[in-house]
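Next come the chains, spelled out residue by residue.
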Amino acid sequence: MTDLLPALQSPAGPAASREAVRFGDLSLTYGELAAASIALAARIADAGRVAVRATATPETVIAVVAALRAGVPAVPLNPRTGERELAHILADSEPTAVLAGPEDTLPPALEKLRRVTVDARAGATDEVGEARPAVHDVGETGPEAPALIVYTSGTTGPPKGAVLPRRAVAASLDALEDAWGWTGDDVLVHALPLFHVHGLILGVLGPLRRGGSVRHLGKFSVEGVARELGSGGTMLFGVPTMYHRLAEVLDGPAGTAERDALAASLSGARLLVSGSAALPVHDHERIAAATGRRVIERYGMTETLMNTGIRADGVPRPGTVGPPLAGVELRLAEDDGAVLDEPGAIGEIQVRGPNLFTGYLNRPDATAAAHTADGWFRTGDVGTVDADGYVTIVGRKATDLIKSGGYKIGAGEIENVLLAHPGVREVAVTGEEDPDLGERVVAWVVASDPDSPPSPEELADRVSAELAPHKRPRTVRYLDALPRNDLGKIMKRSLRA
Ligand code: MCA
Ligand code: AMP
């Protein structure tokens, strides 16, 4: 445990009485979290791999910390994952148990696994270490041992499990400590889901590694951000959609209580950080104008954790994601693999460093395809590097990846679900610009019976039930035929136009 979360080594450590996590009225001190995770680790020590139903609750934090403590890789699951996607993730990752809160009702696919109910009070009244043996680092806990397996969408096919070793988690969080002067005195505020890198690794393990604390809002709200930053929060993490919603309120008339409270709380924060997608310069400027504070961006990926970031003591430059973080090597390359080093060149961003994953679970083909022959990871993002090392992301190589609300969504997975609907003859899914979500999922549908096409709601519900609600098409457009080239390939770019 000392390798990743030293402050949680023992329930009686120096930080025992300090608040570690807070979700609404529920909070855990370091002592309570250490005790509960020690008790849980003992119950899962023999599990090869565990699934964690990653609700925004203290139980999820206990479950993940216990898995790290036991050296058992954890697979965080979106509690709203639909049947098809869940079946894929379970078949692929083969967990032997599912860790869930006492109140959780499990979907049938998870009911088949051994359920381990997380008890937030476990260990609290026990003589920990006497009533039952305390578990410290019983499983595989070397630097290359897998800590987490996080599923991420690709252009085609079902999501792939990115295997994240303990070394990558430690390296990336320490590089952020260096860039942001992140300490145990920081109180992080966020409302990010706990089944992705941003919310779980940066947003929970980040503060715990520093011995600081995190206040999770449960569900994003402008009022919640203002309240928590106005009462001790020092840092805010969010996706651009969240900052856009803050900017919308800040842009309103001064003198309203909501707007002024928000402006005051943001002005007082030490660090406002955006990531997972590009924050439009317009929103950067609106927030700066109302608060005098600059949001800083960092650039990462599930497979690489964090690659670049504006430093707390650096020059914030809206529209850029800052220089590479400590330990990260970054270069630009052409399609043919030629490395670009002339100033102003635009190419694919490739990275190398201790922050990288070890590969996709069960997918050596995809792992190999994602790397160059000389061992660099191909991000698929296209960017430039300024003379002073600042990176700007200008686009993405794949047209079939959509970033909506900061979630990566593959067009192919949605097309496969919609094509299985009897009312759909042909379909193409694209991303379209959206002021709130960045991009919104759009389905272009050729109905089997043009006189009675399936409704947009029916198609959205189908995708929500099979994949996840955030993957549902927000817009459905009906066509008589899809535009195809001479080879019969759908011309998505002309759909977008
Ligand atoms: C509406 N809803 C439906 C349907 N229609 N549910 C099921 N079926 C339908 N047909 C419900 C939803 O369930 C939800 O219910 C409500 O409507 C709105 O949901 P949603 O559309 O998801 O909310 P939103 O307002 O559009 O969400 C915006 C958001 C969200 C809060 C910004 O997109 C978000 O949390 N994004 C974070 C993504 C993220 O963390 N990405 C990190 C990965 P209810 O109201 O009950 O909720 S990237 C990463 O990790 C890398 C490393 C990086 O760089 O960070
Ligand atoms: P994911 O695969 O869900 O982890 O998302 C990773 C992708 O999010 C990256 O490859 C980028 O395309 C995008 N991304 C993350 N942070 C930023 C940022 N600050 N600006 C622009 N794009 C970003």
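Residues numbered from 1 in each chain as written. Chains lettered and ligands numbered in written order. Predicted model: local features only at pLDDT ≥ 70, side-chain atom pairs only at ≥ 80, totals over all residues. Heavy atoms only, no water.

Peer 1: In this structure, what is going on with the sheet that holds strand β9 (residues 187–190)? I would like to understand it.
Peer 2: Pairing between the strands of a sheet comes from backbone hydrogen bonds, and it takes one of two forms, parallel or antiparallel. Spatial strand order, β2-β1-β10-β9-β11-β12-β13-β14: 8 strands in an open sheet with mixed pairing. Only two strands of the sheet have a single partner each, and these edge strands are β2 (26–29) and β14 (305–309). Strand-to-strand twist across the sheet, computed as the mean angle between neighbouring axes with direction ignored, equals 20 degrees. Sheet topology note: the β9/strand β11 (residues 235–238) ladder contains 2 bridges and is parallel. When the bridges of β11 are listed, Leu188 appears paired with Met235. The strands touched by helix α7 (residues 222–229) within the sheet are β1 (19–23), β9, β10 (213–216), β11 and β12 (271–274), with β11 carrying the most contacts at an inclination of about 155 degrees. (Pairing = 2+ DSSP bridges. Helix = DSSP H or I, 4+ residues; strand = E, 2+ residues; numbered from the N terminus. Axes fitted to C-alpha atoms, helices over the stretch in contact; angles between N-to-C directions. Contact = heavy atoms within 4.5 Å.)

Peer 1: Just to check I follow, could you spell out the site of ligand 2 for this structure?
Peer 2: Around ligand 2 lies a shell of 15 residues, among which Arg298, Thr302, Asp381, Lys403 and Lys408 are the nearest. In this structure, Arg298 approaches ligand 2 through a main-chain N or O atom, which is 2.8 Å from a nitrogen atom. In the model, an oxygen atom of ligand 2 is placed 2.9 Å from a nitrogen or oxygen of the Lys408 side chain. When ligand 2 sits alone it has 500 Å² of accessible area, and the protein chains cover 92% of it. Ranked by the residues each element gives to the shell around ligand 2, the list is headed by strand β13 (residues 296–301), at 5 residues. Here the residues of the shell around ligand 2 are counted per class, giving 6 nonpolar, 4 polar and 5 charged. (Near = heavy atom within 4 Å. Polar contact = N/O pair within 3.5 Å; in protein donor to acceptor, adjacent residues only side chain to side chain. Areas by Shrake-Rupley, 256 points an atom, 1.4 Å probe, with all protein chains shown as cover. Nonpolar A, V, L, I, M, F, W, Y, C, P; charged D, E, K, R; others polar.)

Peer 1: I keep staring at the UniProt feature "domain: AMP-binding enzyme C-terminal" (unreviewed entry) in the chain and nothing clicks. Help me out?
Peer 2: UniProt's entry tags residues 413–489 with the feature "domain: AMP-binding enzyme C-terminal" (unreviewed entry), counted in the numbering of this structure. Overall, residues 413–489 shows 23% helix and 32% strand. The separation of its end C-alpha atoms is 17 Å. (UniProt positions renumbered as here; feature names shortened; annotations may be inferred.)

Peer 1: Explain the pattern of salt bridges here, please?
Peer 2: A side chain of one charge can pair with a side chain of the opposite charge if their charged atoms are brought near each other. Tallied over the entire structure, the rule returns 38 salt bridges. Here Arg84 ties to Glu466 by a salt bridge, and the two come within 3.8 Å at their closest N and O atoms. With Arg84 in helix α3 (residues 83–93) and Glu466 in helix α13 (residues 456–466), the pair connects residues that are 382 residues apart, well separated along the chain. For Asp313, the salt bridge is made with Arg311, and the minimal N-O distance between the two is 3.1 Å. With a relative accessible area of 62%, Asp313 lands in the exposed category. Among the residues examined, Arg311 registers a relative accessible area of 30% and is labelled partly exposed. Each of Asp174, Glu177, Arg209 and Arg210 takes part in a single network of salt bridges with overlapping partners. (Salt bridge = Lys/Arg side-chain N within 4 Å of Asp/Glu carboxyl O. Buried < 20%, exposed > 50% of the residue type's maximum accessible area, 1.4 Å probe, protein only.)

Peer 1: Please explain the sheet that holds strand β17 (residues 347–352) as it appears in this structure.
Peer 2: Within the open sheet, the 5 strands sit side by side as β16-β15-β17-β19-β20. Their pairing is antiparallel. Each edge of the open sheet is held by one strand with a lone partner, namely β16 (339–340) and β20 (391–396).

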